[in-house]
Protein chains: 2
Amino acid sequence: MNELTMNLNPKDKRPLYEQIYQYIKENIVTGRIAYQEKLPSTRLLAKHLEVSRSTVELAYEQLLSEGYIESEPYRGFFAAEIEGLVHLVQEQRICAEEEEGKEKRYRFDFTPNGVDLKSFPYNAWRKLSKEILLDDKVELFRLGNPQGERGFREAICKYLYQARGVNCHPGQVIVGAGSDYLLMLLCSVIGREHVIAVENPAYKQAYRLFVSQSYQVCPVGMDVYGMKVASLRETEADVAYVTPSHQYPTGIVMPMKRRMELLKWANEEEGRYIIEDDYDSEFRYKGKPIPALQGYDRGGKVIYLGTFSKSIAPAIRMSYMVLPEELADSYRNKCGFISSTVSVVDQLIMRRFIEDGYYERHLNKTRALYKGRHDLLIKGLAPLAGRCRISGEYAGVHLLLSFEGNVTEADLICRAGERGIRVYGLSDYIIGDKTEKRTVLLGYANLSEGEIKEAAEILCRVWRF
Amino acid sequence: MNELTMNLNPKDKRPLYEQIYQYIKENIVTGRIAYQEKLPSTRLLAKHLEVSRSTVELAYEQLLSEGYIESEPYRGFFAAEIEGLVHLVQEQRICAEEEEGKEKRYRFDFTPNGVDLKSFPYNAWRKLSKEILLDDKVELFRLGNPQGERGFREAICKYLYQARGVNCHPGQVIVGAGSDYLLMLLCSVIGREHVIAVENPAYKQAYRLFVSQSYQVCPVGMDVYGMKVASLRETEADVAYVTPSHQYPTGIVMPMKRRMELLKWANEEEGRYIIEDDYDSEFRYKGKPIPALQGYDRGGKVIYLGTFSKSIAPAIRMSYMVLPEELADSYRNKCGFISSTVSVVDQLIMRRFIEDGYYERHLNKTRALYKGRHDLLIKGLAPLAGRCRISGEYAGVHLLLSFEGNVTEADLICRAGERGIRVYGLSDYIIGDKTEKRTVLLGYANLSEGEIKEAAEILCRVWRF
């Protein structure tokens, strides 16, 4: 073959060489140019198409590097065997649909799991991504340390020490793609021979995770100080999963005395552990924050869990777990070979985000923002005073409203729902006997001040029975 | 306080407002400006510092939004209570070091796990990242579907159908941060009541993963066609983990007959499954690729696993698993609540990478590259013919060299090592009795053609006993 006739279009946005490349490629893939067929020389084709020779050379080079053609010294270019070549035809296949929950749309959704995505630091994130991707290229795309990049773990340690009183060194820190994953990994580290206690009402995500990992899970009741240690002692549990900074969902902040009782329980027997999930400790609007339980642990009993998903955005799949020394050793022995679930690029972006002060600014900014919404919601609900009691306030991103009298939780939810407002019943979080039936949760992170004001007014009307 | 004396430096790269912001912030954080102390008005401070009033206003706004100062109508600005504010002093803590393996450096490392990072499509990746981050902002930072974004799963289905003959719809696909994670998740889906068979010699990463998940694991011997189904039948295993496209580490491509035997075994009893790990099926240099086992499965027995870590870069923490319908249902029931481990942003980048044709080009390009290295290595080792036999060639990114006579594997590794060349012994991959002792693995993805030529020359000299 000495000629290839194609219509080059100078108005086409693609450069000429790419049009040539595409044309030849398609002809090879579809078999119109057969295997081992000789292509015209670059000189001849350039003359034929009335383009410069270097344009054709560029096209041939591209075809060569992608394996569509082969070059034989002194003989020229030949179509390659394309059987093994991957060719993805943009063919439309009809796929069976999986069930995708189509939920009713609400005007105002007081979800307790919200995060204000509008305050996501887009510019800083974009800037850092760009800078990191321009940097030292090859290193970025290696697999990286299974525990997470050392420098990133150092930055986490420093942050945790300053902000949460957590005492640890980078060897104890494991970075992972979300808290669910880290809990799965932890299950493999501590082994399956445990019974796990969870607070009741519970953070269902963790409860279900332990169940999915084949553990026996014991719900343990709470009083106003958090998980009842006396009740914990009555179970066979040797691991207690707790959220002392701001219990999910009740919003209880565990006082020092109860924390010490928990630590005492853990220290009484070997193999007992406390999992401290500090999921939203960043948000506290009154008084001095109580340092993490981990900071008081001298016996290597506390496993500390934290996340950037709650403090920045759920889509940031980065959490961290701090293991006691002994468990950090077990991790390395049993699971140290498991590849990291967070890319080196994302770790470097987050490290810079912390070290350059963006994280501090972001936290202070969102804290101020959430405090404003928190205050406004409480103010807006004031007309309900006497009818209900607010609890779980001054921290986190949701509060609870407990009603007196013979109204039911279902009533409350239904009346709000009829006016386009979604609130959440506490009974959803209770495992087993749902005796509590008059409390609803209102999360405010997701709603603007205007929305909160409007929704609170409506709620006051519909809940004034 | 009506004056704040700070040195504004016009040569400082930071804008003036930021210098003012920093100064006041530091003074509040360190307590030099006390809680509730009044700040100078923006007019006065602007006059005092000889800057425009809007500069000072900008600084105050920033301080206000981050909660360092508070504004009281008609009274002015006051320092906020800073106890609760997060302040990360860049303090140096001495951290105990974890053990980090300091390995001997080699001039040429024939690792079988290499990927040519130089051919990573940096420009395309950067371009797509940038475009995606500019897009529809808020949606990007939501948590996303636990299985992975639907559009991304559709792109994966299309690719798998075209390139590997895998029959599936998006509801069967689960995206996860690496194959290790997906195997962990699979363990939770199928439950712990299984016995798992692995090929011997084995892909140790998977073997160790199953052990870490508390399974009983049975190594099953291989013949030249792959895992011996007769031996598999002698074990109690009901799940077989296999790598039929290019067995790791022996490089055996399982012929159709053996594949059918395996499928027959799986179909004989309920609860039996085959895990098909198609980790490097993209690389094949001769003949038509055999479609995936999954494509022949009519009984819902094959769990298919693939990854972008091997075909693009290990740092791309994205793999996918295709479950038979029934297991996809179990997944949704038991584990459907577990959050995705891959960020929506990364999924969108990869989706565009596939749909815009970058992935196809990248695969064809690296395939051509690896084929060149593969051919060169075989040519370079030709002088050893008669002394050893090459196997596992024409696919993947490594081959095996089996020596005759009374040389040992340790000898081979040691002689190469003395000349700065790292090769890998097959016995590392054997579970239990290491009868095979004269075979080494040479991976070529990581080495340039020049390096392969030079290293092969040296190997021919040192291995010519």
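Predicted, not measured: the structure shown is a model, and the values here were computed from it.

**Side note on the overall build of chain A**
Link 1 in the chain: In terms of regular secondary structure, chain A is built from 15 helices and 16 strands.
Link 2 in the chain: Computed over its C-alpha atoms, the radius of gyration of chain A comes to 30 Å, more than 25% above the 23 Å expected for a compact globule of 465 residues.
Link 3 in the chain: Counting across all 465 residues of chain A, residues that qualify as buried make up 57%.
Link 4 in the chain: Residue pairs in contact within chain A that sit at least 24 positions apart in sequence constitute 71% of those at least 6 positions apart.
Link 5 in the chain: About 20000 Å² of surface is accessible on chain A, with carbon and sulfur atoms providing 48% of the total.
Link 6 in the chain: In chain A, 63 positive and 64 negative side-chain charges are present, and the distance between their average locations comes to 6 Å.

**What about the sheet that holds strand 12 (residues 388-391) of chain B?**
Residue and element names in this part refer to chain B.
Link 1 in the chain: Spatial strand order, 12-13-16-15: four strands in an open sheet with antiparallel pairing. Edge positions in the open sheet fall to strand 12 and strand 15 (424-425), since each of these has one partner strand only.
Link 2 in the chain: As paired elements, strand 15 and strand 16 (residues 439-443) share two bridges and run antiparallel to each other. Counted as the bridge partner of Gly425 is Val440 from strand 16.

**Overview of the pairing of strand 6 (residues 216-223) of chain B**
Residues and elements named next belong to chain B.
Link 1 in the chain: In the sheet, strand 5 (residues 195-200) pairs with strand 6 via six bridges, with the strands oriented parallel. Each residue of the ladder has a partner; that of Val195, found in strand 6, is Gln216.
Link 2 in the chain: The parallel pair strand 5 and strand 6 is bridged by helix 8 (residues 204-212), and the resulting crossover is right-handed.
Link 3 in the chain: Between strand 6 and strand 7 (residues 226-227), which pair antiparallel one after the other, the connecting turn spans two residues.

**Considering the pairing of strand 13 (residues 398-403) of chain A**
All names here are of chain A.
Link 1 in the chain: Counting buried positions over the six residues of strand 13 gives six, a clear majority of the element.
Link 2 in the chain: Taking every second residue as pointing to the same face, both faces of strand 13 are buried, with His398, Leu400 and Ser402 on one and Leu399, Leu401 and Phe403 on the other.
Link 3 in the chain: As paired elements, strand 12 (residues 388-391) and strand 13 share four bridges and run antiparallel to each other. Each bridged residue has a counterpart across the sheet, and for Arg389 the counterpart in strand 13 is Ser402.

**Comments concerning the domain arrangement of chain A**
Link 1 in the chain: Examined at the domain level, chain A breaks down into domain 1 (16-92), domain 2 (102-118 + 361-462) and domain 3 (122-358).
Link 2 in the chain: For domain 1 of chain A versus domain 3 of chain A, the distance between C-alpha centres works out to 55 Å.

**Here we look at helix 7 (residues 179-190) of chain B**
All names here are of chain B.
Link 1 in the chain: Between its terminal C-alpha atoms helix 7 stretches 16 Å, which fits the 16 Å expected from 12 residues at 1.5 Å a residue.
Link 2 in the chain: Ser179, Asp180, Tyr181, Leu182, Leu183, Met184, Leu185, Leu186, Cys187, Ser188, Val189 and Ile190 are the residues of helix 7 that are buried.
Link 3 in the chain: Just downstream of helix 7, Gly191 is the residue with a positive phi angle, here 85 degrees.

**Considering the side chain of Gln213 of chain A**
Link 1 in the chain: By secondary structure assignment, the location of Gln213 of chain A is in the loop between helix 8 (204-212) and strand 6 (216-223).
Link 2 in the chain: Since its relative accessible area comes to 1%, Gln213 of chain A is described here as buried.
Link 3 in the chain: Within the structure, Gln213 of chain A has its side chain in polar contact with the side chain of Arg192 of chain B (distance 3.1 Å).
Link 4 in the chain: Aside from chain neighbours lying at most four places away, what touches Gln213 of chain A is Met184, Cys187 and Arg192 of chain A together with Ser188 and Arg192 of chain B.

**Structural notes on the packing of helix 13 (residues 358-381) of chain A against helix 15 (residues 449-462) of chain A**
Residues and elements named next belong to chain A.
Link 1 in the chain: Interhelical geometry of helix 13 versus helix 15 gives an angle of 20 degrees and a closest axis separation of 9 Å. As judged from the angle between their axes, helix 13 and helix 15 are roughly parallel. Helix-helix and strand crossings are classified by hand; for helix 13 and helix 15 the assignment is right-handed. Residues Gly372, Arg373, Leu376, Leu377, Gly380 and Leu381 of helix 13 pack against Glu449, Ile452, Lys453, Ala456 and Cys460 of helix 15.
Link 2 in the chain: Among the residues forming the contact of helix 13 with helix 15, the class breakdown is six nonpolar, two polar and three charged.

**As for the pattern of salt bridges**
Link 1 in the chain: The full count for this structure, using the stated rule, is 41 salt bridges over all chains.
Link 2 in the chain: In this structure, the salt-bridge partner of Glu261 of chain A is Lys257 of chain A, at a minimum N-O distance of 3.5 Å. Placement of the pair is Glu261 of chain A and Lys257 of chain A together in helix 10 (residues 256-268), with a separation of four residues, close to one helical turn.
Link 3 in the chain: Ionic pairing is found between Asp223 of chain B and Arg258 of chain B, a salt bridge with its closest N-O pair at 2.8 Å. With Asp223 of chain B in strand 6 and Arg258 of chain B in helix 10 (residues 256-268), the pair connects residues that are 35 residues apart, well separated along the chain.
Link 4 in the chain: Relative accessible area serves as the criterion here: at 8%, Arg258 of chain B is assigned to the buried category.
Link 5 in the chain: If you follow the salt bridges from partner to partner, you end up with Arg233, Lys264, Glu268, Glu269 and Arg272 of chain A in one network.

**So, empty space enclosed by the protein**
Link 1 in the chain: Scanning all chains against the criterion turns up seven cavities of 30 Å³ or more.
Link 2 in the chain: Lining the largest cavity are 30 residues, and of these Ser343 and Asp346 of chain A together with Ser343, Val345 and Asp346 of chain B sit closest to its centre.
Link 3 in the chain: Those elements giving two or more residues to the lining of the largest cavity turn out to be helix 4 (122-134) and helix 12 (344-355) of chain A together with helix 4 (122-134) and helix 12 (344-355) of chain B.
Link 4 in the chain: For the lining of the largest cavity, the per-class residue count stands at 20 nonpolar, six polar and four charged.

**Here we look at the sheet that holds strand 15 (residues 424-425) of chain A**
Residue and element names in this part refer to chain A.
Link 1 in the chain: Read from one edge to the other, the open sheet built from four strands follows the order 12-13-16-15, with strand pairing classed as antiparallel. Here the strands that pair on one side only, and so sit at the sheet edges, are strand 12 and strand 15.
Link 2 in the chain: In the packing of helix 13 onto the sheet, the strands contacted are strand 12, strand 13 and strand 16 (439-443), and the crossing angle to strand 13 comes to about 15 degrees.
Link 3 in the chain: Contacts from helix 14 (residues 409-418) reach strand 13, strand 15 and strand 16 within the one sheet, and its direction differs from that of strand 16 by about 40 degrees.

**Looking at the packing of helix 7 (residues 179-190) of chain A against helix 8 of chain A**
All names here are of chain A.
Link 1 in the chain: Here helix 7 crosses helix 8 at 35 degrees, and the two axes come no closer than 10 Å. Viewed along their axes, helix 7 and helix 8 form a crossing whose handedness is right-handed. Residues Asp180, Leu183, Met184 and Cys187 of helix 7 touch helix 8, and the partners they reach there are Gln205, Ala206, Leu209 and Phe210.
Link 2 in the chain: Tallied by class, the residues present in the contact of helix 7 with helix 8 amount to six nonpolar, one polar and one charged.

**Re a nonpolar patch on the surface**
Link 1 in the chain: Where nonpolar side chains cluster on the molecular surface, the patch consists of Met256, Met260 and Tyr296 of chain A and spans about 230 Å² of accessible area.
Link 2 in the chain: Tracing the backbone shows Tyr296 of chain A in the loop between strand 9 (273-277) and strand 10 (302-307).

Cut-off values and rules
- Residues numbered from 1 in each chain as written.
- Chains lettered and ligands numbered in written order.
- Predicted model: local features only at pLDDT ≥ 70, side-chain atom pairs only at ≥ 80, totals over all residues.
- Heavy atoms only, no water.
- Helix = DSSP H or I, 4+ residues; strand = E, 2+ residues; numbered from the N terminus.
- Rg over C-alpha atoms; globule rule 2.2 N^0.38 Å.
- Buried < 20%, exposed > 50% of the residue type's maximum accessible area, 1.4 Å probe, protein only.
- Contact = heavy atoms within 4.5 Å.
- Areas by Shrake-Rupley, 256 points an atom, 1.4 Å probe, with all protein chains shown as cover.
- Lys, Arg positive; Asp, Glu negative; His and termini not counted.
- Charge placed at Lys NZ, Arg CZ, Asp CG, Glu CD.
- Pairing = 2+ DSSP bridges.
- Right-handed = clockwise from strand over helix to strand, strands pointing away.
- Domains from an automatic or database assignment.
- Expected span 1.5 Å × (residues − 1).
- Polar contact = N/O pair within 3.5 Å; in protein donor to acceptor, adjacent residues only side chain to side chain.
- Axes fitted to C-alpha atoms, helices over the stretch in contact; angles between N-to-C directions.
- Parallel < 35°, antiparallel > 145°, perpendicular 65-115°, else oblique.
- Left-handed = near helix turned anticlockwise from the far one by under 90°.
- Nonpolar A, V, L, I, M, F, W, Y, C, P; charged D, E, K, R; others polar.
- Salt bridge = Lys/Arg side-chain N within 4 Å of Asp/Glu carboxyl O.
- 1 Å grid on protein atoms, 1.4 Å probe; cavity = no way out; pocket = protein on both sides within 12 Å on 5 of 7 lines; lining within 4 Å.
- Points joined across faces, edges and corners; volume = space filled by probe spheres on them.
- Patch = residues over 30% accessible without salt bridge, like charges linked within 9 Å, V, L, I, M, F, W, Y side chains within 5 Å.

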